[in-house]
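What the coordinates show
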Amino acid sequence: MRVHNLSAEVVQGMQLVDLATVTEEPASPIGTFEFHDCTIGVASFKGRPPWELHTTGDELLYVLDGQCELTVLESRDHTSRSLRRGDLVVVPQGRWHCNDAPDGVRMLFVTPSAGNDHSWEQPHTE
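Numbering of residues begins from 1 in every chain and follows the order in which that chain's sequence is written. pLDDT decides what is reported in this predicted model: residues at 70 or higher carry local features, side-chain atom pairs at 80 or more are listed and counted, and totals for whole chains, interfaces and linings draw on all residues regardless. Note that the side-chain values use all heavy atoms of the structure and ignore hydrogens as well as water.

Looking at the pattern of salt bridges
The term salt bridge refers to a side-chain nitrogen of Lys or Arg lying within 4 Å of a carboxyl oxygen of Asp or Glu. Within the structure shown, the criterion is met by three salt bridges. Taking the shortest distance from any N to any O, the salt bridge between Arg-85 and Asp-65 comes out at 3.2 Å. Taken together, the positions of Arg-85 in the loop between strand E6 (78-84) and strand E7 (88-91) and Asp-65 in strand E5 (residues 59-73) put the pair 20 residues apart, joining distant regions of the chain. We note a salt bridge from Glu-74 to Arg-95, for which the minimum N-O separation is 2.9 Å. Strands here mean DSSP runs of E at least two residues long; helices mean DSSP runs of H or I at least four residues long; both are numbered from the N terminus.

Encoded structure:
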């Protein structure tokens, strides 16, 4: 059994990684672990990560602290939503999406372990 402390005090103490200064995906402050064909961890960053696409399942995001702007690309349009502490969102399978967090965000993620793609450029959708 693993227990991870995600209390407000612990979460606020997690270092925010400035994505403008890294060349690879930062490690989760709690590490990652597998659960039902998904990878679970915590993202703690400021800036804009690459666009993501998950082809084998939905992704669950739960904002622990901070805020971000989640953009999900639809076939001919896009949807943007500001997410704040306490918000939980399910990003549908097969949708390119990105979280922009200029002031920083710490979020729990549950991401399919297989079928993932990333792009620094905004993908084109049809």
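Notes on the side chain of Thr-111
Its location among the elements puts Thr-111 in strand E8 (residues 97-112). Each residue is placed in one exposure class: buried if its accessible area under a 1.4 Å probe, protein chains only, is under 20% of its type's maximum, exposed if it is over 50%, and partly exposed if it falls in between. The class of Thr-111 is buried, set by a relative accessible area of 10%. Any two residues having at least one pair of non-hydrogen atoms within 4.5 Å are treated as being in contact. Beyond its immediate chain neighbours, meaning those up to four positions away, Thr-111 contacts Asp-37, Cys-38, Thr-39, His-54, Glu-59 and Asn-116.

Description of the pairing of E5
DSSP calls a pair of strands paired once it identifies at least 2 bridges connecting them. Where E5 lies against E7, four bridges are found, and the strand directions are antiparallel. Residue pairing for E7: Leu-60 is matched across the bridge by Val-90. Examined bridge by bridge, E5 and E8 share ten bridges and lie antiparallel to one another. If you follow Val-72 over to E8, its bridge partner there is His-97.

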